[in-house]
Amino acid sequence: MFKRVVLFVLTPVLVILGALGLYLRDPAPLDTESFNALYTSPAPAPNGQRQVFHIGHSLVGRNMPAMLAQLAGEGHGYASQLGWGATLKSHWDPDVPINGFETENNHPAYRDAHEAVESGEYDALVLTEMVEIKDAIRYFDSPVHLGNWAGKAAANNLPVYLYETWHQLDDEEGWLNRIDRDRALYWEDGVMRPALARVDNPQPIYVIPGGQVMAAFSRHLEQNGPIGPLSTHDDLFIDKIHYNDYGAYLMALTHYAVLYQRSPVGLPHSLSRADGTPADDVGAEAAAAMQQVVWDVVTSSPMSGIPVPSS
């Protein structure tokens, strides 16, 4: 009799808890067909010079956005919120500290990320997730916080661009192999599709394919030999993850091509760092090769939002 009473009392409680568990469970990722449908049309063309807000870490840095501004020309504006290996979660949640915040944001282009998105002063939000991407997904709820930023941006009529990066050059699975695999496995299926499932009336999150450009240019060097100061992709980096001025230039070209929907071929290559000092110049021949590789990569991916160039 006692067992029957206990079961009678516990059953509705268990049903309620089970229902609550279902309610709290992560939604299924946006299905592939719906996801792909978001990219059947290009992104809206920019109306003049862009005002860009960058959220990220040292693979954004200070110099790359400054180079982008020089490539775009007078009228391009930008600000940023950065950290050391910073997660989207730390940028979103004021209770989660951003590593290196005081150091990385000690410059005139810093602005609080939430304030910037709400300000109405920007027409592009570019953000990225920490490295290692698979750890960001597992431990720092990447889809949740990309969804948070995407929802907030949509509420402020601000298009979102996700900057795809890379991993350690000495990754045991192979640097190029990881880039080839990770775009779909982690950036799309692990972050973007689950994030979009959390947003009412999901809008495209366009991709700035930094990792894909790095891989394509690496293969260009392998196939064609050294160009100017560049022999292998190692020459784009100062260590096993961070780019030097040459790598920053390559990423600035990539951002330019996606954000402005224009070919970077013919853009200048003698630029300055954010502090005004001259950046290392890759030279005309290598710059031309970089520019063409960038345009080839970004125009081959519908998720970049670039209209298909006319032949």
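Participant: Before we go on, may I ask you to explain the sheet that holds strand E3 (residues 124-127) in this structure?
Facilitator: Pairing between the strands of a sheet is mediated by backbone hydrogen bonds and can be parallel or antiparallel. Strand order across the open sheet formed by five strands is E2-E1-E3-E4-E5, with parallel pairing between neighbours. Of all the strands in the sheet, just strand E2 (77-81) and strand E5 (205-209) have a single pairing partner and so form its edges. Mean inter-strand twist for the sheet, computed between neighbouring axes without regard to direction, equals 25°. Where strand E1 (residues 51-55) meets E2, five bridges bridge the pair, whose relative direction is parallel. Each residue of the ladder has a partner; that of Gln 51, found in E2, is Gly 77. Of the strands in this sheet, E1, E3, strand E4 (160-164) and E5 are in contact with helix H11 (residues 245-260), which crosses E5 at around 150°.

Participant: What's the story with the pattern of salt bridges in this structure? I'm lost.
Facilitator: Two side chains with opposite charge may pair up if their charged atoms get near one another. Under the criterion given, the structure shown has 16 salt bridges. Between Glu 173 and Lys 134 there is a salt bridge, and its shortest N-O distance comes to 3.5 Å. Taken together, the residues span a long stretch of sequence, with Glu 173 in the loop between E4 and helix H9 (175-196) and Lys 134 in helix H7 (residues 133-140) at a distance of 39 residues. Judged by relative accessible area, which is 34%, Glu 173 ranks as partly exposed. The class of Lys 134 is partly exposed, set by a relative accessible area of 30%. When the shortest N-O distance is used, the salt bridge between Asp 171 and Arg 178 registers 2.9 Å. The burial state of Asp 171 is the same as that of Arg 178; both residues are buried.

Parameters at a glance
Residues numbered from 1 in each chain as written. Predicted model: local features only at pLDDT ≥ 70, side-chain atom pairs only at ≥ 80, totals over all residues. Heavy atoms only, no water. Pairing = 2+ DSSP bridges. Helix = DSSP H or I, 4+ residues; strand = E, 2+ residues; numbered from the N terminus. Axes fitted to C-alpha atoms, helices over the stretch in contact; angles between N-to-C directions. Contact = heavy atoms within 4.5 Å. Salt bridge = Lys/Arg side-chain N within 4 Å of Asp/Glu carboxyl O. Buried < 20%, exposed > 50% of the residue type's maximum accessible area, 1.4 Å probe, protein only.

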